[in-house]
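# Coordinates in review
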Amino acid sequence: MKKILLVFALFNFLACTTAQKSETNLSSYSHIEDIKLFLSTKDKKVENQVLDRLKLNGTEPPRVKLVLQQMHQISNRKPTGLQPNLKLKMSGKNYSYAIYVPESTKPNMPMIVVMHSMGGSGANTIPTWIKRLRDKFVIVCPTYPMGAWWSKNAEEFVLKLINKTRENYSIDANRIFLSGLSNGAIGAYLIGMFYPDRFAGIIPIAGGISKQLMSFLVNLNNTPVYIIQGLFDPMFPIQLTRRTYKILSDFKSPVVYREHKKRGAAHGGHFLPESEVPDLVEWLIKQKRDPSPKVVRIAREENHMKRVFWASITHGFKLAALQPPGPEMEPRNEHGGKLATMFAIDEGNNRFVVRGKNVLEFEMYFSSDLIDFKEPVVITFQKIKDEGKKLVPGEKFVAFNQVVERDVGVLLRGFKEFRDPGLLFDSKVTVSAEKAVKF
């Protein structure tokens, strides 16, 4: 009997010790450190290990979301003032940029990125903008060869620079602007059209885009545009800019068009008159991105298939590739084909209507701001087809109807790619449009 009692006592001791160790291990787990590891690693295996630990320790998406938001509410620890010759390394090469951070900077400052014209640089662009913006904005002016802002490399440079600046300074994700003069205006249009949810507004000055690229203006349905163009601009025909303004107006996009009659000494009307600056600054101060618009419009070609707000086209039918390469020996990816277009409408009460042309598959991203996770999400799809010169809607069908679950992996992978605390989605559904769509 004594032996039995001794064994029983020993068993209880070991059980209690094991429980204490488990409690100690559980209490010592840091989900914050694991989140930081996930964001810093380039190893997919490590990412998956972090996700497994987060789920094992019961770290739910709302808790992860709070950490991600707090990480970007940092105080400014980096230098303030003008820094005219900084470097950003990308693909093994250093690119220059200039930055100005007001001495009186506060948390959640607005930021504007300004791209130079051909022959310019960030260093010689930024002084004028410091005077114009009067310490109201963090100003970033990148430098790229020949001002070839339409190229894929230049696009990647601008987006990485925005993310880097937000890592170093407390920037309001809902008040980031993109502007440029001449070639820089082309970049403002293109980067703005392909990544419209990144910006509170775009400001193309003395520049334009070709008729072929105007199909992507539909992406700016929720992104305000402030266009400044000279009537006597010898570089960019005023007719193209007027056409751009009309298209945006017809889409009922938020657009301001300023056409001036000034003539500069060097390039005729190809410049920004200082008389236009006060109204521009007043407009900038008033703008703020809406991260959850009710209607998302998307036009895509093969080089640009990223998410726009809470929707994305993931596969299209025989898509064109339209982005020309720049001066740095980029891989060429240009060929003819079709454009995929999609209208996604949030009707409320977990119901979404999607209409698409040349769309084979699309994704929808959700958070508690968009849906009730306890109820099924219903997504209907309707094909839009060409019949002569008319667009005719096809049969509407239910493409998705079920409850969706939050996923820490969706949340962290989305944040790692876009680094945007204003667009945090913890659920994703992939919907095939091929079941009832025949081309």
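Right above here is the structure, for reference.
What comes next concerns the included structure. Because the structure is predicted, anything quoted here is derived from the model rather than measured.

Rules and cut-offs
Residues numbered from 1 in each chain as written. Predicted model: local features only at pLDDT ≥ 70, side-chain atom pairs only at ≥ 80, totals over all residues. Heavy atoms only, no water. Helix = DSSP H or I, 4+ residues; strand = E, 2+ residues; numbered from the N terminus. Buried < 20%, exposed > 50% of the residue type's maximum accessible area, 1.4 Å probe, protein only. Contact = heavy atoms within 4.5 Å. Lys, Arg positive; Asp, Glu negative; His and termini not counted. Charge placed at Lys NZ, Arg CZ, Asp CG, Glu CD. 1 Å grid on protein atoms, 1.4 Å probe; cavity = no way out; pocket = protein on both sides within 12 Å on 5 of 7 lines; lining within 4 Å. Points joined across faces, edges and corners; volume = space filled by probe spheres on them. Pairing = 2+ DSSP bridges. Axes fitted to C-alpha atoms, helices over the stretch in contact; angles between N-to-C directions. Phe/Tyr/Trp six-rings, centres within 6.5 Å; stacked < 30°, edge-to-face > 60°. Lys NZ or Arg CZ within 6 Å of the ring centre and 35° of its normal. Core = buried A, V, L, I, M, F, W, Y, C linked by side-chain atoms within 4.5 Å. Arc of directions from axis to C-beta. Salt bridge = Lys/Arg side-chain N within 4 Å of Asp/Glu carboxyl O. Polar contact = N/O pair within 3.5 Å; in protein donor to acceptor, adjacent residues only side chain to side chain.

For the rest of this paragraph, the subject is the overall build of the protein. Each helix and strand in the protein was counted, giving 10 helices and 16 strands. Counting every position in the protein, which comprises 439 residues, the buried fraction comes to 51%. Contacts in the protein between residues far apart in sequence, at least 24 positions, make up 66% of those at least 6 positions apart. On the protein, the mean spot of the 63 positive side-chain charges and the mean spot of the 43 negative ones are 1 Å from each other.

What follows concerns the layout of surface pockets. Counted as a void, the largest pocket has a volume near 1,100 Å³. For the largest pocket, the lining is made up of 33 residues, of which Lys160, Asn163, Lys416, Glu417 and Arg419 are closest to its centre. Mapped onto the lining of the largest pocket, the elements with two or more residues apiece are helix H2 (31-40), helix H3 (44-56), strand S1 (81-90), helix H6 (152-168) and helix H10 (408-418). In terms of residues, the lining of the largest pocket owes the most to one element, H6, which gives 9 residues.

Our next topic: the sheet that holds strand S10 (residues 311-316). Spatial strand order, S10-S13-S16: 3 strands in an open sheet with antiparallel pairing. Whereas interior strands pair on both sides, the edge strands pair on one side only; in this sheet they are S10 and strand S16 (427-432). With strand direction ignored, the average angle separating the axes of adjacent strands in the sheet is 20 degrees.

Tallied over the entire structure, the rule returns 13 aromatic pairs. For the pair Phe137 and Phe177, a centre-to-centre distance of 6.0 Å together with 75 degrees between the ring planes defines the contact as edge-to-face. Taken as a pair, Phe137 in the loop between helix H5 (122-133) and strand S4 (138-142) and Phe177 in strand S5 (residues 171-181) lie far apart in primary sequence, 40 residues in all. Under the relative-accessibility criterion, Phe137 is labelled buried at 2%. For Phe177, a relative accessible area of 0% gives the class buried. With 5.1 Å between their ring centres and 55 degrees between their planes, Tyr226 and Trp283 make a pair best called tilted. Separated by 57 residues along the polypeptide, Tyr226 in strand S7 (residues 225-230) and Trp283 in helix H9 (residues 277-286) bring together distant segments of the chain. Relative accessible area serves as the criterion here: at 3%, Tyr226 is assigned to the buried category. The ring of Tyr365 carries the charged tip of Arg307 above its face, separated from the ring centre by 5.4 Å. Sitting over the ring of Phe418, Arg307 keeps its end group 4.4 Å from the ring centre.

Looking now at the sheet that holds S4. Backbone-to-backbone hydrogen bonds pair the strands of a sheet. The strands run either parallel or antiparallel. One open sheet accounts for 8 strands, arranged S1-S2-S4-S3-S5-S6-S7-S8; its pairing is mixed. In this open sheet, the two strands that pair with only one neighbour each are S1 and strand S8 (255-260). The average angle at which neighbouring strand axes cross in this sheet is 20 degrees, direction not considered. Both S7 and S8 contribute to a ladder of 6 bridges, which runs parallel. The partner of Val225 across the bridge, within S8, is Val255. Set on the sheet, H5 makes contact with S1, strand S2 (93-101), strand S3 (109-115), S4, S5 and strand S6 (201-205); between it and S4 the angle comes to about 155 degrees.

Our focus in this paragraph is the nonpolar core. Core analysis: the largest hydrophobic core is formed by 53 residues, its most contacted members being Phe157, Leu178 and Leu217. For this core, the leading source of residues is helix H7 (residues 183-194), giving 7 residues. Excluding its chain neighbours within four sequence positions, the residues that come into contact with Leu178 are Val113, Met115, Val158, Gly187, Ala188, Ile191, Gly192, Phe199, Gly201, Ile202 and Ile203. By size, the runner-up hydrophobic cluster in this structure holds 32 residues, among which are Val296, Leu319, Ala344 and Val404.

A few words on H9. Along H9, the residues classified as buried are Val277, Leu280, Val281, Trp283 and Leu284. End-on, the buried residues of H9 take up no more than an arc of 160 degrees, which puts them together on one face. On its buried face, H9 is in contact with S3, H5, S5, S6, S7 and S8.

Among the 5 residues in S4, 5 count as buried, and that is most of the element. Side chains of S4 alternate between two faces, with Val138, Val140 and Pro142 and Ile139 and Cys141 buried alike. Alignment of S2 against S4, held across 4 bridges, turns out to be antiparallel. Residue pairing in the sheet places Tyr100 in a bridge with Ile139 of S4. Direction of pairing for S3 relative to S4: parallel, over a ladder of 3 bridges.

Attention now goes to the environment of Thr143. Topologically, Thr143 is positioned in the loop between S4 and H6. The class for Thr143 is partly exposed, based on a relative accessible area of 22%. Placed 58 residues apart in sequence, Thr143 and Asn85 show a C-alpha to C-alpha distance of 9.7 Å. When residues no more than four places from it in sequence are discounted, the contact partners of Thr143 are Tyr95, Ser96, Tyr97, His116, Ser121, Gly122, Ala123, Trp149 and Phe157.

The next point concerns the side chain of Arg307. Its location among the elements puts Arg307 in the loop between strand S9 (295-300) and S10. An unpaired buried charge is present at Arg307: no salt bridge exists, and Asp197, the closest side chain of opposite charge, is 4.5 Å distant. A polar contact of 2.9 Å, which involves the side chain of Arg307, links it to the backbone oxygen of Phe309. With near-sequence residues (within four places) excluded, Arg307 lies in contact with Asp197, Arg300, Ser312, Tyr365, Phe418, Leu423 and Phe425.

Distances and angles like these do not, on their own, reveal function.
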